[in-house]
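What follows is each chain in one-letter form.
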Number of protein chains: 2
Amino acid sequence: MILNSADLIDLCRGAAFLGTGGGGDPYIGRLMVEHAISEAHPVEIIDPSDVPDDALVIPTAMMGAPTVLVEKIPRGNEAVLSLQRLERHLGKKVFATMPIEIGGINSTMPLVVGARLNLPVVDADGMGRAFPELQMETFNVYGVHGTPMAITNEYGDCTLIETHDNKMMEWIARGVAIRMGGAAYIANYPMTGEQVKRTSVPNTLTLALKIGRCIREAREAHRNPFDALLNLLPKTPYNFGKIIFRGKISDMFRETRAGFAAGRARIEGLGEWKGVMVIEIQNENLTARVDGVLKAIVPDLICILDSETAEPITTETLRYGQRVTVMGVAVPPMMRTPEALAIFGPVGFGFTDKFTPIEAMD
Amino acid sequence: MILNSADLIDLCRGAAFLGTGGGGDPYIGRLMVEHAISEAHPVEIIDPSDVPDDALVIPTAMMGAPTVLVEKIPRGNEAVLSLQRLERHLGKKVFATMPIEIGGINSTMPLVVGARLNLPVVDADGMGRAFPELQMETFNVYGVHGTPMAITNEYGDCTLIETHDNKMMEWIARGVAIRMGGAAYIANYPMTGEQVKRTSVPNTLTLALKIGRCIREAREAHRNPFDALLNLLPKTPYNFGKIIFRGKISDMFRETRAGFAAGRARIEGLGEWKGVMVIEIQNENLTARVDGVLKAIVPDLICILDSETAEPITTETLRYGQRVTVMGVAVPPMMRTPEALAIFGPVGFGFTDKFTPIEAMD
């Protein structure tokens, strides 16, 4: 499909939902895509099954703290340069790009690259949501090597990283991203079409589009957008969702630390929702507890939505006084295997809680 | 000349002198060279004039905090891998390697590479001493681009850096070196023979050898090694030296900060030397003041020597109670030009003092 302008707005809204608070400001991402399309080419989104098994696919993304993006706007060609650097290094022509995560700006960054280079964008990603670190990808869980990786800043400074494992890739690349000012633009996990089909979470770009469209259409029809979302989810691989809290943000703690946006949100219950919900953040929302009792935990989605409009709120735009509704959503089975949970389950973030699926939570 | 084992010991001693406290423990460097020679090839040192103008020369070095090296011993092939990575990237056969600085382990690191790869080592370097940062090189002062640069750790993880200027190269590479554990091994400033001749400080490896030999021979003949050194210097491009203090180290402040070994040494005068000398350190000795009055300042050499043996003491091995003699030494004219002082004079380290040549100090 060729992405049109109305689709893009819906896609960004849905990606902010799936991003579970992270992945950066989708507004900036949308402007970048529109600019790239107006200057270069339309964006074609293709199904993973349409990628030849031996074709080279190079995912592209922003890396860094979403808080930094608020003030440090990308120049626009950084991710393009990273992809081209990797293509030159590999000595092979790239067939397509794709997202490493479906969240905020990182669902749109490959669209920018696709428009600029006239490359199709594969409808799939490596996280099925947003995660803060580069080894937290299904690509890594199912055996794709993340390097060689390229990382570029707004001056065109470029670093090519080769490491013995993907955790070390994250560690080195994070150091470079910090020195590039806290946000930089990457191409990594270069892989074959066969690997894309085997290791990615499929059809998440079009899922984001469906979610964003569902929220918009419910609003336009004066239907309850939360009910609309809860009706849509069972028809997708994210087949269970529920509202886990409603309230008012009473406190935000936030710091940009070690290259991440870390923080904690306190939400005081309103109406029938009693107690206080605390949400722990590392770029994304990781755990939600009410008065100390766990209500949802990573990798399941914890989505903070505006209580009036169901607009997803990214972590860097959370603020005191917002009326919010928190939704927990199940992730697909390939993201809940023991191998996957070992890398991006609670233990991957230093939590001692066991993973409990959202559908099994009280 | 082919370097023999006795020469190597003298060279390391002299390099520790020229290193003005920095450049890492020459003992580790010497063991690495001996090991490499025993396993691979002898080391040939060649004059810069013997390098063809169009030949490719790739300098090699350790990068990081000398304090880290005390506990994190190199595997031995890291700098070799960095040079080979750069050679592969440039697609051109390397003719020789050389030091980026003549100090401690970094005078020996290219000897290790030379022995392992059977490459000659050019008798010259890019600092004429040791400096803490990669843009503080005569290569940079006189127009050589520092990147592409390769940096490798003991796991063989390798990062290739390309930046728009040499200050950004230092900034990014320092971030990578920190993430590699505080010490890593580099190849950078790839250049032609013509550039070597035009921008390097010539004959510093053989100068280190002469200085080290001078100290040893004076000791063996029961002559005063300080007098021997002060007699030798006027016959070299470092044509002025004087003793600026003698005393006992009464306090050491030391921290490993932002990837550097930073610190301050207090030396209480002994005998006819009154007052307290304070020496500021960033990997190397940068300024020496007695009771607040400047006695020597970067880029001139501030060498802290054992008062009995004239053995140079590197900054990471300075300790309370040592009896030391501090010598100030003039650097060659190419290191005192306005362009050079702008980069590695007092202003390069944030000092507000004007540069005063050691021969003009009271």
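Just so we're clear, the structure is a prediction, and the values are computed from it rather than from any experiment. (Residues numbered from 1 in each chain as written. Chains lettered and ligands numbered in written order. Predicted model: local features only at pLDDT ≥ 70, side-chain atom pairs only at ≥ 80, totals over all residues.)

Asks: How do you make sense of the overall build of chain A when you look at a structure like this?
Replies: A count of helices and strands for chain A gives 11 helices and 17 strands. Computed over C-alpha atoms, the radius of gyration of chain A comes to 19 Å, within 12% of the 21 Å expected from 2.2 N^0.38 for 362 residues, which places it in the range of a compact globule. Along the first, second and third principal axes, the C-alpha set of chain A runs to 60 × 45 × 35 Å. Across the 362 residues of chain A, 57% fall into the buried class. In chain A, once contacts between residues fewer than 6 apart in sequence are set aside, the share between residues at least 24 apart is 74%. (Helix = DSSP H or I, 4+ residues; strand = E, 2+ residues; numbered from the N terminus. Rg over C-alpha atoms; globule rule 2.2 N^0.38 Å. Buried ≥ 20, exposed ≤ 12 C-beta atoms within 10 Å, placed from the backbone. Contact = placed C-beta atoms within 7 Å.)

Asks: Is there a simple way to think about the interface of chain B and chain A in this case?
Replies: Many authors give the size of an interface as the accessible area that is lost as the parts come together. Contact with chain B, which involves 17 residues of that partner, is made by 17 residues of chain A. When contributions to the side of chain B that touches chain A are tallied by element, the ones reaching two or more residues are β8 (158-162) and α7 (166-179) of chain B. Examining the composition of the side of chain B that touches chain A, we find that seven residues originate from one element, α7 of chain B, more than from any other. Here the side of chain B that touches chain A is composed, by residue class, of nine nonpolar, five polar and three charged. With five bridges connecting them, strand β7 (residues 158-162) of chain A and β8 of chain B associate as antiparallel partners. Directly across from glutamate 162 of chain A, in β8 of chain B, lies its bridge partner cysteine 158 of chain B. (Nonpolar A, V, L, I, M, F, W, Y, C, P; charged D, E, K, R; others polar. Pairing = 2+ DSSP bridges.)

Asks: Please clarify how the environment of leucine 83 of chain B should be interpreted in this entry.
Replies: Residue and element names in this part refer to chain B. Along the chain, leucine 83 falls in helix α4 (residues 78-90). Note: C-alpha distance between leucine 83 and threonine 97 (14 residues apart in sequence) is 8.5 Å. For leucine 83, the residues in contact, after removing those within four places along its chain, are Ile58, Thr60, Val94, Thr97, Val113 and Ala187.

Asks: When you look at the domain arrangement of chain A in this model, what are you seeing that I'm missing?
Replies: All names here are of chain A. Per the domain assignment, the segments making up chain A are domain 1 (5-202) and domain 2 (224-360). For domain 1 versus domain 2, the separation of C-alpha centres amounts to 24 Å. Every contact between the two is made by 31 residues of domain 1 and, on the other side, 27 residues of domain 2. Those elements that place two or more of their residues in the side of domain 1 that touches domain 2 are α1 (5-18), α3 (66-69), α6 (138-141) and α7 (166-179). Ranked by the residues each element gives to the side of domain 1 that touches domain 2, the list is headed by α1, at four residues. For the side of domain 1 that touches domain 2, a count of residues per class yields 15 nonpolar, 12 polar and four charged. (Domains from an automatic or database assignment.)

Asks: What exactly am I supposed to notice about the relation of the copies chain B and chain A here?
Replies: One copy of the chain maps onto the other through a rotation about an axis plus a displacement along that axis. Superposition record for chain B on chain A: RMSD 0.0 Å, screw rotation 180°, translation along axis 0.0 Å. Overall, the copies show the geometry of a two-fold rotation axis. Across chain B, the rotation axis passes nearest the C-alpha of leucine 160 of chain B, at a separation of 2.4 Å. Same-surface contact between copies: 100% of interface residues of chain B are shared with the interface of chain A. (Least-squares fit on C-alpha atoms with pLDDT ≥ 70 in both.)

Asks: What exactly am I supposed to notice about the environment of aspartate 291 of chain B here?
Replies: All names here are of chain B. Tracing the backbone shows aspartate 291 in the loop between β15 (284-290) and β16 (293-297). Along the primary structure aspartate 291 and glycine 263 are separated by 28 residues, whereas in three dimensions their C-alpha atoms are 18 Å apart. When residues no more than four places from it in sequence are discounted, the contact partners of aspartate 291 are Gly275 and Val276.

Asks: Would you explain helix α2 (residues 26-39) of chain B in this entry?
Replies: An α-helical turn contains 3.6 residues, so any two residues separated by three or four positions project in the same direction. Residues and elements named next belong to chain B. Between its terminal C-alpha atoms α2 stretches 20 Å, which fits the 20 Å expected from 14 residues at 1.5 Å a residue. Where α2 is concerned, the buried positions are Pro26, Gly29, Arg30, Met32, Val33, Ala36 and Ile37. The arc that holds every buried residue of α2, seen down its axis, measures 160°, which confines them to one face. Exposed residues lying more than 90 degrees from the buried face of α2 are Ser38 and Glu39. (Expected span 1.5 Å × (residues − 1). Arc of directions from axis to C-beta.)

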